[in-house]
Amino acid sequence: MSVRRLAAQQPESFAFSPENLAWAQTQIAKFPAGRQASAVIPLLWRAQEQHDYWLPRAAIEYVAKMLDMPVIRVLEVATFYTMFNLSPVGRYFIQLCGTTPCRLRGADDIVAVCKSRIGEQSTVTADGMFSWLEVECLGACCNAPMVQINNDYYEDLTPESFNKLLDDLAAGRPVQKGPQNGRHASEPESAVKTLQDPALYDGSVVGAWKKRFEEEEARARQAAADKEAADRALAAQAAAEPRPGKPDATRPQQAAADTPADRVAAGKAPVAPTERAKAADPAKKLSDKPTSKLKDAKAETGKSDESKG
Ligand code: FES
């Protein structure tokens, strides 16, 4: 991590160009009144871009005044974030990843090239073309080792390819961004063995899945429609054939009670003739008695017969 100090040599003043001033006003207008300080990072970034990619003290003070912020608060932001350069950088500012994956893949050799061609970190070459800084992981670990030069990544570096890259930049020749070993993005370096099935790319796999979901949706829609139709049919049937509340036609009905009151109400004798005949028949009367009483009665009858005999 570099020491975050303002440069010893500072310009007298700083002001946005008319275009950048108009742009800054649009950024400030994005925030509610009294919250204009929220625009501090975009404004500092634009000031850095305008000032050869480093932030002088005058630019920090200018942004603080524009946002009505104490200078110390803007200085805190500028010195906290390493994306803000506090001293001059070369026309090609190299940020070299020194985190573990890049170290394991040869970042030390890239550092050695920087030191031999440019010098120590934060040193600008005499022609103003190059400076470099070691930074933490830049998120391109699959293509380690790598550097960021200005806004572009250069990956899969070797000392030879990195030297050639610097030669081309110094000479103003076009350079290839991204991997420097010929591979595409972060695909495997040698034979590509994954994601090779053509069906992945002709739409058939996606189409099969899509068809399956469409069929499931159609089945669910049909089931819902069938249920709705059945419910409607039941409701129509119930409206056309209302069932009596009592007794339930579906339950077996009990025979109406044949009580004397009912018989009188119906204009009949209070006791049914059959009941009357049954009452008059002694044998029938005996047979209607409980079993124990029947035995007693038979016993009585037997005694009386014997006495007769
Ligand atoms: S470790 Fe170098 S890019 Fe992640």
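(A) Broad picture of the sheet that holds strand β3 (residues 147-149). Taken together, the five strands give an open sheet; going across it, the order is β2-β1-β3-β4-β5, and neighbouring strands pair in mixed fashion. Of all the strands in the sheet, just β2 (130-135) and β5 (178-179) have a single pairing partner and so form its edges. Sheet topology note: the strand β1 (residues 92-97)/β3 ladder contains three bridges and is antiparallel. The residue bridging Ile94 from the neighbouring strand is Ile149, located in β3.

(B) Examining the environment of Trp23 more closely. Counting through the fold element by element, Trp23 comes out in helix α1 (residues 18-28). Classification of Trp23 as partly exposed rests on a relative accessible area of 24%. When the C-alpha atoms of Trp23 and Leu43 are compared, they prove to be 9.1 Å apart, with 20 residues separating the residues in sequence.

(C) The arrangement of the packing of aromatic side chains in detail. Taken as a whole and assessed by the stated rule, the structure comprises seven aromatic pairs. Seen from their ring centres, Phe16 and Tyr62 are 5.4 Å apart, and the 85 degrees between their planes marks the pair as edge-to-face. With Phe16 in the segment before α1 and Tyr62 in helix α3 (residues 57-66), this residue pair connects regions lying 46 residues apart in the sequence. Between the aromatic rings of Phe80 and Tyr81, the centroid separation amounts to 4.9 Å while the plane-to-plane angle is 90 degrees, which identifies the pairing as edge-to-face. By relative accessible area, which is 35% here, Tyr81 ends up partly exposed. Among the aromatic residues, those joined into a ring-pair cluster are Phe14, Phe16 and Tyr62. Cation over ring: Arg46 sits above Trp23, and NZ or CZ is 3.9 Å from the ring centre.

(D) Here's a closer look at the pairing of β2. Among the six residues in β2, five count as buried, and that is most of the element. Strand direction decides the pairing type here: β1 and β2, joined by six bridges, are parallel. Paired with Ile94 across the bridge in β2 is Trp132.

(E) How the structure looks around the pattern of salt bridges. For the coordinates displayed, the defined rule picks out 13 salt bridges. Among the salt bridges present, the one from Glu216 reaches Arg212, with a minimum N-O distance of 3.5 Å. Within this pair, Glu216 and its partner Arg212 are both found in helix α8 (residues 204-240), separated by four residues, close to a single helical turn. Among the residues examined, Glu216 registers a relative accessible area of 35% and is labelled partly exposed.

(F) Here's a closer look at the nonpolar core. Val40, Leu43, Leu44, Leu55, Val63, Leu67 and Val74 are the most contacted members of the largest nonpolar core, which has 22 residues in total. Of all the elements in the fold, those that place two or more residues in this core are α1, α2 (40-50), α3 and α4 (71-80). When residues of this core are assigned to their parent elements, the largest contribution, five residues, is made by α3. Every residue in contact with Leu44, bar those within four places of it in the chain, is listed here: Leu55, Ile60, Val63, Val74, Val77, Ala78 and Phe84. By size, the runner-up hydrophobic cluster in this structure holds 19 residues, among which are Val147, Phe162, Leu166 and Leu169.

Calculation rules
Residues numbered from 1 in each chain as written. Predicted model: local features only at pLDDT ≥ 70, side-chain atom pairs only at ≥ 80, totals over all residues. Heavy atoms only, no water. Pairing = 2+ DSSP bridges. Helix = DSSP H or I, 4+ residues; strand = E, 2+ residues; numbered from the N terminus. Buried < 20%, exposed > 50% of the residue type's maximum accessible area, 1.4 Å probe, protein only. Phe/Tyr/Trp six-rings, centres within 6.5 Å; stacked < 30°, edge-to-face > 60°. Lys NZ or Arg CZ within 6 Å of the ring centre and 35° of its normal. Salt bridge = Lys/Arg side-chain N within 4 Å of Asp/Glu carboxyl O. Core = buried A, V, L, I, M, F, W, Y, C linked by side-chain atoms within 4.5 Å. Contact = heavy atoms within 4.5 Å.

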